[in-house]
Amino acid sequence: MITLGIDVGNLLTKAVLLDRDSLVASAIMPTTGNVVSEIDGLVERVLSDAGVKRDDVGAVACTGSGADLAGEVDVAEDAVTCIAAAGAYYLPEINMVVDVGGQSITSVLLDEDGDVMNFMRNDKCASGSGRFLEVMSNAVGVGVEDIDSAVTGATKTVPISSQCGVFAESEVITHVNAGEEPADIVAGLCDSVASIVSAQARRFSSGDRYTLTGGVARIAAVSTRVQDKMSGTFQEFPFDPRLAACIGAALLAGLEDIDI
Amino acid sequence: MPFAGIDVGSLTAQAVLIEDGRTPMLKSIGVRLLSHSIRVKPNPLESARTVMGELLEESGIAWDDITYCVSTGYGRDKVQENGLAQANVSEISCHGSGAHALAPQVRTIIDIGGQDAKVIRVDAAGDLSNFVMNDKCAAGTGRFLEVMSRTLGVGFEDLGPLAFRARGKVELSSRCSIFAETEVLHYLQKGMDKSDLAAGITKSMADRVMALARRVGIEKEVMMTGGVAKNVAVRSELEKMLGVHMLAPSIDPQLIGAYGAAVMARRAVGSG
């Protein structure tokens, strides 16, 4: 069965088409305000990319903050359940998914069956989120997409002590004005994000086999630093980690067909 | 014989000179208070030197004329080590002693500065009895209002009057300054009224301060100090929430830390 997953995130809206458990097509665009037309546009794109007719889609699932705006869907699940489903299905050995999205950090502890046993989520405060990284890397004059290339030239790590995004931004500007190298400051930012993320994840001490999902997981300089700070075993999510919740939704839509 | 206080904050630095009636030429007017405020320099020592240097120049007083100087705020120890002050005292005690010197009936001081917020309790003698502070998160500090006024496209000083004129209130769902910025931008794009947004921003600010105040308790009388005390809307929202009428300081509330330091300087040489 072909299933369609839609995830309306705070910063990005995503759509995927799964043929059973294989990813056929995906599309991502920024979440603006017009969620309904964004979803329509993304759905058109994945359908035409995959050469699939709308009628051939067996089930539609939606997750994220705009789930209620997606119109009629077969499955509407919260992001935590979807992230867990995607992690547990493709990486059956793991027992924790740590998702660092645009505006949140979520650690989901899985039981032996891959179901959600417990989770922690910070979405009240930008600290350590993608937005935090974006605000601060912009203050150094480096775009989020360029963090990995910027950090390769680092010879040291400039420590960032503030956890608050607003205060950390001032701290970064102070470092820039003091003549610190952008690469060294960016290394400090990545280290700061990794510390905040791993501090949350480590509170689930039994979560010793984990994967990282969400947009921040794409940044190797952050991902490797998180791994350095965690004691458990890391496994890489097999798709674009921004799509984890969306893929999880699509998997759940085809649940009768698939044994998670 | 002037006594001096220097307060270097995160955004601004203040210098205060107080001269009491024993200065011959000032005998007729009793206590005279001179003050000056600047935007901070990259390092606290430079801020201290500049703010006090400019005040002395304006007032025609020489460095050597200062009887005793107390430094407070950011880098207060450095300011003292470099000989600009004879002693340094924490800004918490200085706000306490400054507020108490202005109004001896004060028991609670709500000090909201550029990068922190404090609720300070003092006893009848003006000595510190308890305090709570937030300097970890920009929410509930001057920085939050600064970010918000920039987002609204209005001056920092205009935010209070703007909120005061509001007929409605758009409450913010985000506490985090970074998320609130996104939220306010979104409301602006939807064409919502700026003054209604300013009222929502004020409410959010007051909610954070109240959360802090609850941890230490509020005893009457209450005075607000620090730069944010000049925001009329935040003041009035807090008065409503606390159910008290706050004391109005007779000097600029942003000067009270430096004034308290000068009061401590006078006390240190035993003339106060």
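Quick notes on the rules
- Residues numbered from 1 in each chain as written.
- Chains lettered and ligands numbered in written order.
- Predicted model: local features only at pLDDT ≥ 70, side-chain atom pairs only at ≥ 80, totals over all residues.
- Helix = DSSP H or I, 4+ residues; strand = E, 2+ residues; numbered from the N terminus.
- Rg over C-alpha atoms; globule rule 2.2 N^0.38 Å.
- Buried ≥ 20, exposed ≤ 12 C-beta atoms within 10 Å, placed from the backbone.
- Contact = placed C-beta atoms within 7 Å.
- Pairing = 2+ DSSP bridges.
- Nonpolar A, V, L, I, M, F, W, Y, C, P; charged D, E, K, R; others polar.
- Domains from an automatic or database assignment.
- Axes fitted to C-alpha atoms, helices over the stretch in contact; angles between N-to-C directions.

(A) Quick peek at the overall build of chain A. What chain A contains, in helices and strands, is eight helices and 10 strands. A compact globule built from 260 residues would reach a C-alpha radius of gyration of about 18 Å, and chain A, at 19 Å, matches this within 12%. With the C-alpha coordinates aligned to their principal axes, the bounding extent of chain A is approximately 60 × 40 × 30 Å. Taking all 260 residues of chain A together, 52% fall into the buried category. Partitioning the intrachain contacts of chain A with sequence separation of at least 6 by distance along the chain shows that 70% fall at a separation of at least 24.

(B) Representation of the sheet that holds strand S9 (residues 209–213) of chain A. Residues and elements named next belong to chain A. What the five strands build is an open sheet, ordered S8-S7-S6-S9-S10; its pairing is mixed. Where the open sheet ends on each side, the last strands, each with one partner, are strand S8 (116–122) and strand S10 (233–234). Two strands pair when backbone bridges link them, and S9 and S10 are joined in this way by two bridges, in the parallel orientation. Bridge pairing links Arg209 to Thr233 in S10.

(C) Layout of the interface of chain A and chain B. Contact residues are listed per partner, giving 13 residues for chain A and 14 residues for chain B. Per element, the largest residue contribution to the side of chain A that touches chain B is four residues, and it comes from helix H5 (residues 165–177) of chain A. Of the residues that constitute the side of chain A that touches chain B, the class distribution is six nonpolar, five polar and two charged.

(D) Region of interest: the domain arrangement of chain A. Residue and element names in this part refer to chain A. Entries for chain A in the domain assignment read domain 1 (1–91 + 238–260) and domain 2 (94–236). Here the C-alpha centre of domain 2 lies 25 Å away from the C-alpha centre of domain 1. Facing the 17 residues of domain 1 at the interface are 22 residues of domain 2. Of the residues forming the side of domain 1 that touches domain 2, the biggest block, seven residues, is contributed by helix H2 (residues 79–90).

(E) Here's a closer look at the environment of A:Leu23. Residues and elements named next belong to chain A. You can see Leu23 is positioned in strand S3 (residues 22–30). It is 17 Å that separates the C-alpha atoms of Leu23 and Arg54, two residues lying 31 residues apart in sequence. Contact partners of Leu23, with chain neighbours within four places excluded, come to Val16, Leu18, Phe239 and Ile247.

(F) Quick look at the sheet that holds strand S2 (residues 12–19) of chain A. Residues and elements named next belong to chain A. What the five strands build is an open sheet, ordered S3-S2-S1-S4-S5; its pairing is mixed. Sheet topology places S3 and strand S5 (75–76) at the edges, where each strand pairs with a single neighbour. Across seven bridges, the pairing between strand S1 (residues 2–8) and S2 is antiparallel. Note on S2: the bridge partner recorded for Gly5 is Val16. Across the sheet, helix H8 (residues 244–253) lies against S1, S2, S3, strand S4 (57–64) and S5, angled at about 140 degrees from S1, the strand it touches most.

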